[in-house]
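# Examining the three-dimensional arrangement
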Amino acid sequence: MAFSPLVALVLLLPLVTAGPCDIYASGGTPCVAAHSTTRALFSSFSGALYQISRGSDGATTNISPLSAGGVANSAVQDSFCAGTTCVITEIFDQTGRGNSLTHAPPGGAASGTDPGGFDTQAAADGAPVLVGGHKAYGVFISPGSGYRNDATNGIAVGDAAEGLYAVFDGTHFNDACCFDYGNAEVTNTDPANGHMEAIYFGSAGGTGTGSGPWIQADLENGLFSSASRTSSPGNPSINDRFVTAVVKGQPNNWAIRGGNAQSGSLSTFYNGVRPADGYNPMSKEGAIILGIGGDNSNGAQGTFYEGVMTSGFPSDATENSVQANIVAAGYATTSLVTGPAVTVGSTVSFKATTACCTDRFIAHTGTTVNTQVVNSASTNALKLSASWNVVAGLGNSGCVSFESRDTPGSYIRHSGFELFVNANDGSAIFATDATYCPRAALNSAGTNALQSFSYPTHYFRHFNAILYAASNGGPSDFDATASFNDDVSWVVGAAFA
Ligand code: AHR
């Protein structure tokens, strides 16, 4: 029996896996914005997912999926950024509506430190991840970073219905305002309650159970887990490495749902009426934010892998199918370390590679981290001061921390982007300030560059013989692009003592 072309097409169709936005469209609630640096969110999407810019020459390139509907081609990024630094300059909207995200402008609460007061851009390599076994990169938002679009097309305004989901790193959060993804003010200011409807993830403002982090809704002037500002017993703390977070709203009804993005189904943590005092009806404005609050409050941190906004209130069944698609996509962790290993348990020294300074090593004078000339004739005290124990990263065991050989219990950490040797106070902020991910050196003389885990645009840099956590072309004098690659490249060798 011969197949007609139509029969052949019908037989082939099930082989094309529907993406999240195909699923929302089938449910009658189409995506009006779709953002991801890790994969296409429509089965047919083969365009650019995001744009990166590199520090060496300011050139940009776009990263697209390996194939239509597939995972990002991260090899293009790795090649383009080899030997320099890269930031994410734009996260493209996959719906064709032009709702792409670029670094956020100044707002009522805060300005950023990029030129013009814009928020800083995320390091392109800050959040390596596997999706279906392929390496990709998420958007690692450090405090001060954020993305926005104030002139959108098709996003819900007023009390119109919408749905949102996002996949986040459940271990990367803080209690500052506000790691959000979703609907916010077009003015970058906070006019009144009800002008936002965004997913929030973190441990700020929580009225749910435990100590967080929680999936909440940022509805402006309030992070909500229910209609109550004081108690939301239905909203649990989240412990998953990869989290699917859902918020959706329609007139006097909204919901929070969530689950493990690697397995299982979504649970509904709230589905009910709007909070009182200005949230019914809603006054949504239709801008889109990522990593910040509606008024550009930019103290929060988190990692975003993918997310969408829909027109209309998606059914639970539609969202359940989207969750199944996310699980099938296969998010998994991968190494945070690239370049030569800096082995936990070893003792090391760091030799500068800038031409001026190749007889100098990272040492410390009290709490100040500096470079000093050290050699076999140096005193034992200086040799110890320039020697470091490599331990598992205090803030992420996938990276490392450096304990002073002469001051046990004290570690190199950044504060105000200067490096210090400080005693570990046991706080979460100390732990992440003291955690660095070894990368390949940015010049041929060095072995490694040491990238801050919490601010991956920042690297160990010597500048006038003092050590900083410097970003390439950032706002401080020690961020100068001249000599950056040499100043951040070190020969990691044996300890002196
Ligand atoms: O609702 C919480 C935050 O409050 C909003 O994100 C911000 O605009 C305001 O400061």
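Residues numbered from 1 in each chain as written. Predicted model: local features only at pLDDT ≥ 70, side-chain atom pairs only at ≥ 80, totals over all residues. Heavy atoms only, no water.

### Here we look at the overall build of the chain
For the chain, the count of helices and strands is seven helices and 31 strands. Relative to the compact-globule value of 23 Å for 497 residues, the chain shows a C-alpha radius of gyration of 24 Å, a close match. Expressed as a percentage of the 497 residues in the chain, the buried residues total 55%. For the chain, the proportion of contacts with a sequence separation of at least 24, taken over those separated by at least 6, is 66%. (Helix = DSSP H or I, 4+ residues; strand = E, 2+ residues; numbered from the N terminus. Rg over C-alpha atoms; globule rule 2.2 N^0.38 Å. Buried < 20%, exposed > 50% of the residue type's maximum accessible area, 1.4 Å probe, protein only. Contact = heavy atoms within 4.5 Å.)

### Here we look at the state of the cysteines
Per the stated rule, a full pass over the model turns up five disulfides. In this model Cys-81 forms its disulfide with Cys-86; the gap between the sulfur atoms is 2.1 Å. Taking the torsion about the S-S bond as the criterion, the Cys-81 to Cys-86 disulfide, at about -105 degrees, is left-handed. The pair Cys-81 / Cys-86 is uniform in exposure class, with both members buried. Across the disulfide from Cys-356 sits Cys-357; the S-S distance is 1.9 Å. Because the torsion about its S-S bond is -95 degrees, the bridge between Cys-356 and Cys-357 counts as left-handed. Owing to a relative accessible area of 56%, Cys-356 belongs among the exposed residues under this scheme. On the basis of relative accessibility, which here comes to 11%, the residue Cys-357 falls in the buried class. Across the chain, the disulfide pattern expressed with sequentially numbered bonded cysteines is 1-2, 3-4, 5-6, 7-8, 9-10. (Disulfide = S-S within 2.5 Å.)

### Comments concerning the packing of aromatic side chains
Here the structure, examined in full by the defined rule, presents 22 aromatic pairs. Geometrically, the ring pair formed by Phe-361 and Phe-496 is edge-to-face, given 4.7 Å between the ring centres and 80 degrees between the ring planes. With Phe-361 in strand 21 (residues 360-365) and Phe-496 in the segment after strand 31 (490-494), the pair connects residues that are 135 residues apart, well separated along the chain. A relative accessible area of 10% means that Phe-361 is categorised as buried. For the pair Phe-402 and Phe-460, a centre-to-centre distance of 6.0 Å together with 65 degrees between the ring planes defines the contact as edge-to-face. (Phe/Tyr/Trp six-rings, centres within 6.5 Å; stacked < 30°, edge-to-face > 60°.)

### What to know about the pairing of strand 21
Along any regular strand the residues' side chains alternate between the sheet's two faces. The pairing of strand 21 with strand 22 (residues 368-373) spans six bridges and is classified as antiparallel. Residue pairing across strands places Ala-363 opposite Asn-370, the latter belonging to strand 22. Following strand 21, the chain reverses through two residues before pairing antiparallel with strand 22; Gly-366 in that reversal takes a positive phi of roughly 65 degrees. (Pairing = 2+ DSSP bridges.)

### Description of the UniProt feature "domain: Alpha-L-arabinofuranosidase B arabinose-binding" (unreviewed entry) in the chain
Here, UniProt's "domain: Alpha-L-arabinofuranosidase B arabinose-binding" (unreviewed entry) annotation points to residues 351-492. Secondary structure across residues 351-492 comprises 11% helix and 43% strand; the distance between its end C-alpha atoms is 7 Å. (UniProt positions renumbered as here; feature names shortened; annotations may be inferred.)

### Some words on the site of the ligand
Around the ligand there are 13 residues in total, and Asp-218, Glu-220, Asn-221, Gly-222 and Asp-295 lie nearest to it. A distance of 2.8 Å separates an oxygen atom of the ligand from a polar side-chain atom of Glu-220. With respect to the ligand, the side chain of Asp-295 contributes an N or O atom lying 2.7 Å from an oxygen atom. Isolated, the ligand exposes 280 Å² of accessible area, and the fraction of that covered by the protein chains is 87%. When its residues are assigned to classes, the shell around the ligand shows three nonpolar, five polar and five charged. (Near = heavy atom within 4 Å. Polar contact = N/O pair within 3.5 Å; in protein donor to acceptor, adjacent residues only side chain to side chain. Areas by Shrake-Rupley, 256 points an atom, 1.4 Å probe, with all protein chains shown as cover. Nonpolar A, V, L, I, M, F, W, Y, C, P; charged D, E, K, R; others polar.)

### A few points about the environment of Gly-144
Tracing the backbone through its elements, the reader meets Gly-144 in the loop between strand 7 (134-141) and strand 8 (147-149). Here Gly-144 falls in the buried class, since its relative accessible area comes to 16%. As a C-alpha pair, Gly-144 and Asn-296 span 152 residues in sequence and 9.4 Å in three-dimensional space. Apart from residues no more than four positions distant in its own chain, Gly-144 is found in contact with Asp-119, Thr-120 and Asn-298.

### Description of the pairing of strand 3 (residues 60-63)
Note: strand 2 (residues 50-54) against strand 3, four bridges, orientation antiparallel. Across the sheet, the residue bridging to Tyr-50 is Ile-63, located in strand 3. Linking two consecutive strands that pair antiparallel, namely strand 2 and strand 3, is a turn of five residues; a positive phi of about 75 degrees is found at Gly-58 within it.

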